[in-house]
Amino acid sequence: MGDTQTPALLELSNVTAGYAQDIDVLRDISLRVEVGRITGLIGLNGAGKSTIIKTICGFLPPKSGMISYAGKDISGIEPHRLIDHGICCIPQESSLFPYLSVQDNLLLPLLGRPKQFAKEMRTRLHEVFELFPVLNQKRLQPAGSLSGGQQKQVEFAKAWLQQPKLCLIDEPSIGLSPKVSEEVFVWIEKFAKAQMGILLIDHNVRRVVRMSDRICVLSLGKITADGTPADFQGDLHQQVQQWLGLNF
Ligand SMILES: Nc1ncnc2c1ncn2[C@@H]1O[C@H](COP(=O)(O)OP(=O)(O)OP(=O)(O)O)[C@@H](O)[C@H]1O
Ligand SMILES: [Mg+2]
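Let me sum up the structure you'll find in this document. (Residues numbered from 1 in each chain as written. Chains lettered and ligands numbered in written order. Predicted model: local features only at pLDDT ≥ 70, side-chain atom pairs only at ≥ 80, totals over all residues.)

### What to know about helix H5 (residues 148-162)
We count it as follows: In this text, helices come from DSSP runs of H or I with a minimum length of four residues, and strands from runs of E with a minimum of two, each type numbered from the N-terminal end. Helix span, as expected, comes to 1.5 Å for every residue beyond the first. Remark: C-beta atoms are placed from the backbone, and a residue is labelled buried if 20 or more other C-beta atoms sit within 10 Å of its own, exposed if 12 or fewer do, or partly exposed between those counts. Once C-beta atoms have been placed from the backbone, residue pairs whose C-beta atoms lie within 7 Å are recorded as contacts.
Between its first and last C-alpha atoms H5 spans 22 Å; for 15 residues at 1.5 Å apiece the expected length is 21 Å, and the two agree. Judged by how many residues are buried, H5 sits mostly within the fold: twelve of 15 residues are covered. Restricting attention to buried positions, one finds in H5 the residues Gln151, Lys152, Gln153, Val154, Glu155, Phe156, Ala157, Lys158, Ala159, Trp160, Leu161 and Gln162. Buried positions along H5 lie against strand E6 (87-90), helix H2 (102-107), helix H3 (115-131), helix H4 (133-137), strand E7 (166-170) and helix H6 (178-193). At the C-terminal side of H5, glutamine 163 shows a positive phi close to 45°.

### Brief notes about the site of ligand 1
Our working rule: Using the backbone to place each C-beta atom, any residue with that atom within 6 Å of a molecule or strand is considered near it. All residues other than Ala, Val, Leu, Ile, Met, Phe, Trp, Tyr, Cys, Pro, Asp, Glu, Lys and Arg, Gly among them, are scored as polar; the first ten of these are nonpolar and the last four charged.
Inspection of the region around ligand 1 gives Tyr19, Val25, Gly43, Asn45, Gly46, Ala47, Gly48, Lys49, Ser50, Thr51 and Gln92 as its neighbouring residues. The class makeup of the residues in the shell around ligand 1 is three nonpolar, seven polar and one charged.

### Digging into the pairing of strand E9 (residues 214-219)
Defined as follows: Strands are treated as partners if at least two bridges between them are detected by DSSP.
Among the six residues of E9, five are classified as buried, and the element is accordingly described as predominantly covered. Where strand E3 (residues 38-42) meets E9, four bridges bridge the pair, whose relative direction is parallel. Within E9, the position partnered with leucine 41 by the bridge is cysteine 216. Strand direction decides the pairing type here: E9 and strand E10 (residues 222-227), joined by five bridges, are antiparallel. Bridging from a neighbouring strand, isoleucine 215 pairs with glycine 227 of E10.

### Details of the nonpolar core
To be explicit about the condition: The nonpolar core is taken to be a set of buried Ala, Val, Leu, Ile, Met, Phe, Trp, Tyr and Cys residues joined by way of C-beta atoms within 7 Å. Boundaries of every domain are those given by an automatic assignment or by a domain database.
Residues Ala157, Leu166, Cys167, Ile169, Ile198 and Leu200 are the most contacted members of the largest nonpolar core, which totals 65 residues. It is H5 that provides the largest number of residues to this core, a total of six residues. Summarising the domain contributions, this core has at least three residues from each of domain 1 (6-86 + 164-248) and domain 2 (95-163). Every residue in contact with alanine 157, bar those within four places of it in the chain, is listed here: Leu106, Val128, Phe132 and Leu135.

Here's what the structure looks like:
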């Protein structure tokens, strides 16, 4: 599928996966994410969007197909190894420890890492506090005492600290006001400008279509449409627009 001229950072080829042995939640999924580009993944509730991320992250080994990252097969990777490969996930549910301080949450990923990595991250902590000044003010407070939007800032700050090559972002705007959601989308664009490849899942279909370089539509575990933002505004995907209630 897609453009074969630019090498993919992440490529799923015909991936089938599921939670129970006999039920496939994902069927024959192929998609790609390129360096510095955003691939948007949209679909109705229960379509299997989060399951795609769980499969990439190694929580669900694919039953068939292949997941390659930077040209290497990472199918069934151990989830705790993702960070070593430069892959970071901002999950749909919070990944923060509510009773730990903001700063401790930010520094958690460096536990057990090589010393050089830890040193770099501490230097970058300063940069992150400049990017997210409110987190600097609240750095010693328990993460759970922050507002939803501020907790999202901690998640993004944690990802930024790790400087991943690939960032998998699941429903980042869920539960946030339109204004705070827009801030989140601007951070994601900033991540892509910093040359990270992004797989973005969000229910704000309009915004995802606008900011993505490539959009995939997932329906009942299958990719039913795949194209550029322009494709999604033309006749080609009229049916998809209708299905998703889009009205460009
Ligand atoms: N741990 C699990 N065990 C068994 N089935 C699961 C599990 N997690 C999800 N499922 C099922 O897999 C299907 C896809 O779920 P998934 O969470 O990937 O959907 P989604 O597209 O992310 O939905 P949403 O938009 O609500 O986040 C659903 O039918 C769901 O009930
Ligand atoms: Mg989900």
